[in-house]
Each structure stands twice: as structure tokens, then as C-alpha cells.
Amino acid sequence: MDLRIFTEPQQGASYDTLLTVAKATEDLGFDAFFRSDHFLRMGDVDGRPGPTDAWITLAGLARETSRIRLGTLMTAGTFRLPGVLAIQVAQVDQMSGGRVELGLGAGWYEEEHKAYGIPFPKEKFGRLEEQLAIVTGLWATEAGKTFDFSGTYYQLADSPALPKPAQAKVPVLIGGHGATRTPRLAARYADEFNIPFASVEDSERQFGRVRAAAEEAGRAADDLTYSNALIACVGRDDQEVARRAAAIGRDVDDLKANGLAGTPAEVVEKIGRYAEIGAQRFYLQILDLDDLDHLELISSQVQSQLG
């Protein structure tokens, strides 16, 4: 059972803060450090010192860490042209010695596009499908050959399809709650399917859709890894849970109902319920990035019980 640390830097975090958390992630035995890909805060925070770019951040962390996997939940397809993204991810994979994973989504937060002058196209899902075909196609092209693509939104001609990642296959993550197109896209392109902030019941339903789509596409359902992203708020006792909830402006009851919150025993039990319906990996959304004791507690009293 993999536990991964998932951060939301748009809420207010410098690169130095992210580096500190990534090093703690590595030192405490977690599997990976992931981050969101957003340029504008959400909710009642000021977002200072301002946004950091996901792939610039991961490039820095690639040189400052040695073991943990590094990736995005999810890179916004609206932010980058697919050919450029393929180059960026391949380079960071080389810089890390082959530890990168690419979560790629359509993009959804219109306000951040307006705030930074980024086009926000109406048809995003069709673009995402072409982006996945291009990125994976560029990486898979045999050395010395070229890659061409003629789609509705993107056209590539005589691309040398370079550079190549260090890994033979960079894991691709696709996620979401969509009932039809998302499972189909995951079945075709994903190594991992992730459902964000969903109940056990909704996760089971969506995992079932993805498994069915994979089999319909002629692929074994177990070829994919199935994962959840959930907010984490763990305390040694009720008082510590309440303190951590207050620090991120959340209600304890809501956190317990919709996330991984409570004492270590409560969180282990909740993880077990997700595991029973097929979850193999968890992205723990950590919102207070200055509370490294929180990570230590999860490592020593939650992760240690999962085997």
C-alpha cells in the first residue's frame, strides 16, 4: 500500500517550502511527492508568496532528492502544448534518474486562466485526448524515426520525438469522476487511474467503470493501478486532530466524513475500507506545509501499520 504526499502550492508555498516537504517525504519513507498544477489560490487564503510552476518545481526537486517518485495531480492540459510538455517531462525524468510520473487532465479552473491570460477553450476533453496521444506517441517513437500527428486541435510533422525519458515508460495518470469518457480514456492511455476526493461508494463505482472499460478495450483490468486522493488530518488524539483541522480552516466532522482524518487507528481503518474496494495507492493532500510533525506522525503510526 503506497502512501504519497500531495501538495497544493497555489494556496501559498515557496519553492523552499516545497523542497523541505519533499525532503521530509523522502526521509520519512513515503513513496512519492506530488503537487497540483494551478496558478491561482482557491478559497479564503491570500496565496502568498504566489504560484510556482509545477514542472519547474519538479525539475528542482529531481536534483535534490534521490528515491521518491515525483509527479503531478494533475498537469492542466490548457497550460502547455503537448509537444512542449513531452519535452519538459522527459527532461525532468532524465534529471531525476527516471522517477517522474505524469498526471494529465483537461484543466477546469477558469478563473486562473483569466488571471494569467491563458486561453480557456470550450472543448477541453477532445484536446486532452489528442494531448495524450501526442505525448505518449512522441515518447514511444523509435530512436531515429519521426512522429507525425494530424488531429482536430494539434498537428505535428516530422518530429524527431526527442528527448526520450530515462524510463522506458513514464507512468501516466488519468483521473476524475466522469462516467463514460474518462474511463475510456484511462483504459487507452493510463497506467494508473485516480479518483479525487470521493467516498468509498463512489470510488468503487468509478473503479468498476474503469475496469470494465479496460476489458472492453482488450486490456486486463489489473494492468492499471487504482488510487484515491484524499485530504489528510491526523492527530494523536481528538485535541490534536481539532488543532490541525482549525489550522487549515476545516471542520473535523467534515474531514472525517470525506477524508482521512482522526487518530491513526481511525485513519488506518478508513484506508482499509478503500482497500477493500480496490484502492492500491493513496495521495494524502497535506494543506499545512509547515507542520512536518504531521508527516512524521502519519509515517510512524499510519504507514507503519499498512505493511
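Look above for the structure.
**Remarks on the packing of aromatic side chains**
Move 1: For the structure on display, the rule yields 7 aromatic pairs.
Move 2: Here Phe39 and Phe79 contribute two aromatic rings whose centre-to-centre distance is 4.6 Å and whose plane-to-plane angle is 25°, an arrangement assigned as stacked. With a gap of 40 residues between them, Phe39 in the loop between β2 (32–35) and α2 (54–64) and Phe79 in the loop between β4 (75–76) and α3 (82–96) connect regions that are remote in the sequence. The exposure classification of Phe39 matches that of Phe79, with both residues buried.

**Observations concerning the pattern of salt bridges**
Move 1: In this structure the tally under the stated criterion is 25 salt bridges.
Move 2: For the salt bridge of Asp53 with Arg80, the shortest nitrogen-to-oxygen distance reads 2.9 Å. Of this pair, Asp53 sits in the loop between β2 and α2 while Arg80 sits in the loop between β4 and α3, placing them 27 residues apart in sequence.
Move 3: By relative accessible area, Asp53 is classed as partly exposed at 21%.
Move 4: Residue classification places Arg80 among the buried residues on the basis of a relative accessible area of 10%.
Move 5: When the shortest N-O distance is used, the salt bridge between Arg236 and Glu240 registers 3.1 Å.
Move 6: Overall, Glu240 belongs to the buried group, its relative accessible area being 13%.
Move 7: Taken together, the salt bridges that share partners define one network made up of Arg236, Glu240, Arg243, Arg244, Asp291, Asp293 and Glu296.

**Details of the packing of α2 against α3**
Move 1: Axis separation between α2 and α3 bottoms out at 8 Å; the angle between their running directions is 15°. Put simply, α2 runs roughly parallel to α3. As α2 packs across α3, the resulting crossing turns out to be left-handed. Contacts from Trp55, Leu58, Ala59, Ala62 and Arg63 in α2 reach Leu85, Val89, Val92, Met95 and Ser96 in α3.

**Considering the pairing of strand β9 (residues 192–196)**
Two faces make up the sheet, and in a regular strand the side chains alternate between them.
Move 1: Judged by how many residues are buried, β9 sits mostly within the fold: 4 of 5 residues are covered.
Move 2: Bridge count between strand β8 (residues 172–175) and β9: 3 bridges; the pairing is parallel. Counted as the bridge partner of Ile174 is Phe193 from β9.
Move 3: Taken together, β8, helix α6 (residues 181–189) and β9 constitute a β-α-β crossover, and its handedness is right-handed.
Move 4: Where β9 meets strand β10 (residues 225–234), 5 bridges bridge the pair, whose relative direction is parallel. Each bridged residue has a counterpart across the sheet, and for Asn194 the counterpart in β10 is Ser227.
Move 5: Taken together, β9, helix α7 (residues 200–216) and β10 form a β-α-β motif whose crossover is right-handed.

**Re the nonpolar core**
Move 1: Grouped together as the largest cluster of nonpolar side chains are 76 residues, with contacts concentrated most on Trp55, Phe282, Leu284 and Ile298.
Move 2: Sort the elements by how many residues they give to this core and helix α5 (residues 125–140) lands first, with 8 residues.
Move 3: Excluding residues within four positions of it along the chain, Ile298 makes contact with Leu3, Phe30, Ala232, Val234, Leu284, Ile286 and Gln303.
Move 4: Counting 8 residues, the second largest nonpolar core, distinct from the first, contains Phe6, Ala32, Leu173 and Tyr283.

**Focus on the packing of α3 against α5**
Move 1: Between α3 and α5, whose axes approach to 9 Å, the crossing angle comes to 45°. Comparing the axis directions of α3 and α5 gives the class oblique. When you trace α3 past α5, the crossing you get is right-handed. Judged by residue contacts, Pro82, Gly83, Leu85, Ala86, Val89 and Ala90 of α3 engage Gln131, Ile134, Val135, Leu138 and Trp139 from α5.
Move 2: Partitioned by chemical class, the residues of the contact of α3 with α5 number 9 nonpolar, 2 polar and no charged.

Each value, and the rule that gives it
- Residues numbered from 1 in each chain as written.
- Predicted model: local features only at pLDDT ≥ 70, side-chain atom pairs only at ≥ 80, totals over all residues.
- Heavy atoms only, no water.
- Phe/Tyr/Trp six-rings, centres within 6.5 Å; stacked < 30°, edge-to-face > 60°.
- Helix = DSSP H or I, 4+ residues; strand = E, 2+ residues; numbered from the N terminus.
- Buried < 20%, exposed > 50% of the residue type's maximum accessible area, 1.4 Å probe, protein only.
- Salt bridge = Lys/Arg side-chain N within 4 Å of Asp/Glu carboxyl O.
- Axes fitted to C-alpha atoms, helices over the stretch in contact; angles between N-to-C directions.
- Parallel < 35°, antiparallel > 145°, perpendicular 65-115°, else oblique.
- Left-handed = near helix turned anticlockwise from the far one by under 90°.
- Contact = heavy atoms within 4.5 Å.
- Pairing = 2+ DSSP bridges.
- Right-handed = clockwise from strand over helix to strand, strands pointing away.
- Core = buried A, V, L, I, M, F, W, Y, C linked by side-chain atoms within 4.5 Å.
- Nonpolar A, V, L, I, M, F, W, Y, C, P; charged D, E, K, R; others polar.

Nothing here speaks to function; it is geometry throughout.
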